[in-house]
Amino acid sequence: MMAKHDSVTIDAVLTGTPKPLARGELSCIDKIPISVPVLADIAGLAGDMQADRRVHGGPDKAILYYPAEHYPDWRAALPLLAPRLKPGGFGENLSGCGLTEHSVLIGDLWRAGAALLQICQGRQPCWKLNARFGCDDMLDHVLANGRGGWYCRVVEPGLIAAGDAMQLVDRPVHGWTVARVTAAILAKQAPREAFAEIAVLPGLAAGWRDRAIKRQ
């Protein structure tokens, strides 16, 4: 399924700071909305932090977008967790409706406010989602339904604010959606031919490109 929208509204811009999570570790997964314009640059949003820089942050994980339309489905499936199943719950920096993992492509360029973003990989969930929601199988739910969101790199720095438009600037012709690439990368088994295509996708995050190359 390709994008039905080439322009959507950013409903929320969110940042986080380290807070205790579990296993004696800190995490910035709990994001809160910011009411003023925020600068997005190669490192991400100003004021947004990462507690573990080994696996979070960096140019290819500068900004996490999560589709807000996923939350009603989550609340219906997990009603006891409803208070936490709202924008910011999945650690996202940008929240809006109109785009999903099935409708955006790796390599897409989107103008978000004054910043230019490129979609570079799907979100690979980890145990911190279980701890965040107090649900031992939250990670399994995300892996099963594919509602993980995606990461963007910042191609051109600029201010982003809630209410800004997010507009499609350029789209590659390969047809590899975030959902399709993520499913292949996270699968235990997938056709080698698929990884040959994934490995040469323009805009793909370096880490995922390396993984695709190794699995050809």
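Our structure's up above, just so we're on the same page.
Residues numbered from 1 in each chain as written. Predicted model: local features only at pLDDT ≥ 70, side-chain atom pairs only at ≥ 80, totals over all residues. Heavy atoms only, no water.

**A look at the overall build of the protein**
Here is the rule we go by: Secondary structure is summarised from DSSP: a helix means a run of H or I of at least four residues, a strand means a run of E of at least two, and numbering begins at the N terminus for each. For this measure, only C-alpha atoms enter the radius of gyration; the expected value for a globule follows 2.2 Å times N^0.38, where N is the number of residues. Exposure categories follow from relative accessible area, calculated using a 1.4 Å probe and restricted to protein chains: below 20% of the type maximum is buried, above 50% is exposed, and the middle band is partly exposed. The contact criterion used throughout is that any non-hydrogen atoms of two residues lie within 4.5 Å. The Shrake-Rupley method, run with a 1.4 Å probe, gives the accessible areas here. Residue values count only the displayed protein chains as cover.
Looking only at helices and strands, the protein has 6 helices and 13 strands in total. In terms of overall size, the protein behaves like a compact globule, its C-alpha atoms giving a radius of gyration of 16 Å where 216 residues would be expected to give roughly 17 Å. Taken over the C-alpha atoms alone, the protein extends approximately 40 × 40 × 35 Å along its principal axes. Within the protein, buried positions represent 49% of all 216 residues. Long-range pairs, those at least 24 residues apart, make up 74% of the contacts in the protein between residues at least 6 apart in sequence. If you sum the accessible surface of the protein, you get close to 10000 Å²; carbon and sulfur atoms cover 56% of it.

**Comments concerning the pairing of strand β13 (residues 165-170)**
Worth spelling out the cut-off: Any two strands are treated as partners once DSSP identifies two or more bridges connecting them.
As paired elements, strand β1 (residues 7-15) and β13 share 3 bridges and run antiparallel to each other. In the strand pairing of β13, S7 is matched with Q167. Inspection of the sheet shows strand β9 (residues 109-112) paired to β13 by 4 bridges, in the antiparallel sense. By the bridge assignment for β13, R111 is matched with Q167.

**Digging into the side chain of R132**
By the element assignment, R132 lies in helix α2 (residues 127-133). Apart from the residues within four sequence positions on either side, R132 is in contact with L21, I29, D30, R84, G88 and G89.

**Points about the nonpolar core**
The criterion, for reference: The criterion is simple. A nonpolar core is a set of buried Ala, Val, Leu, Ile, Met, Phe, Trp, Tyr and Cys residues joined through side-chain atoms within 4.5 Å.
One finds I63, I160, V181 and I198 to be the most contacted residues of the largest nonpolar core, which totals 36 residues. It is helix α4 (residues 178-186) that contributes the most residues to this core, 4 residues altogether. Setting aside residues up to four positions removed in sequence, I63 forms contacts with A40, G44, L45, N93, L94, L117, W150, Y151, C152, V154 and I160. L85, F90, F133 and M138 belong to the second-largest nonpolar core, a separate cluster that totals 13 residues.

**Regarding the pattern of salt bridges**
Rules: Any Lys or Arg side-chain nitrogen found within 4 Å of a carboxyl oxygen on Asp or Glu counts as a salt bridge.
Counted according to the given criterion, the structure contains 5 salt bridges. Here D48 ties to K31 by a salt bridge, and the two come within 2.7 Å at their closest N and O atoms. Taken as a pair, D48 in the loop between β6 (44-45) and β7 (63-67) and K31 in the loop between β3 (26-27) and β4 (32-33) lie far apart in primary sequence, 17 residues in all. Under the relative-accessibility criterion, K31 is labelled buried at 8%. Put simply, E156 and R111 hold a salt bridge, and the shortest N to O gap is 3.0 Å. Remark: R111 occurs in strand β9 and E156 occurs in strand β11 (residues 150-156); sequence separation between them is 45 residues. Classification of E156 by relative accessible area gives partly exposed; the value is 35%. For R111, a relative accessible area of 25% gives the class partly exposed.

**What about the pairing of strand β10 (residues 115-122)?**
For β10, a buried count of 8 out of 8 residues is recorded, marking the element as mostly surrounded by other parts of the structure. Pairing of β9 with β10, which is carried by 4 bridges, proceeds in the antiparallel orientation. Bridge pairing links L109 to Q118 in β10. Remark: 2 residues form the turn of the hairpin made by β9 and β10, two consecutive strands paired antiparallel; G113 in that turn has positive phi of roughly 60°.

These results come straight from atomic positions and should not be treated as a statement about function.
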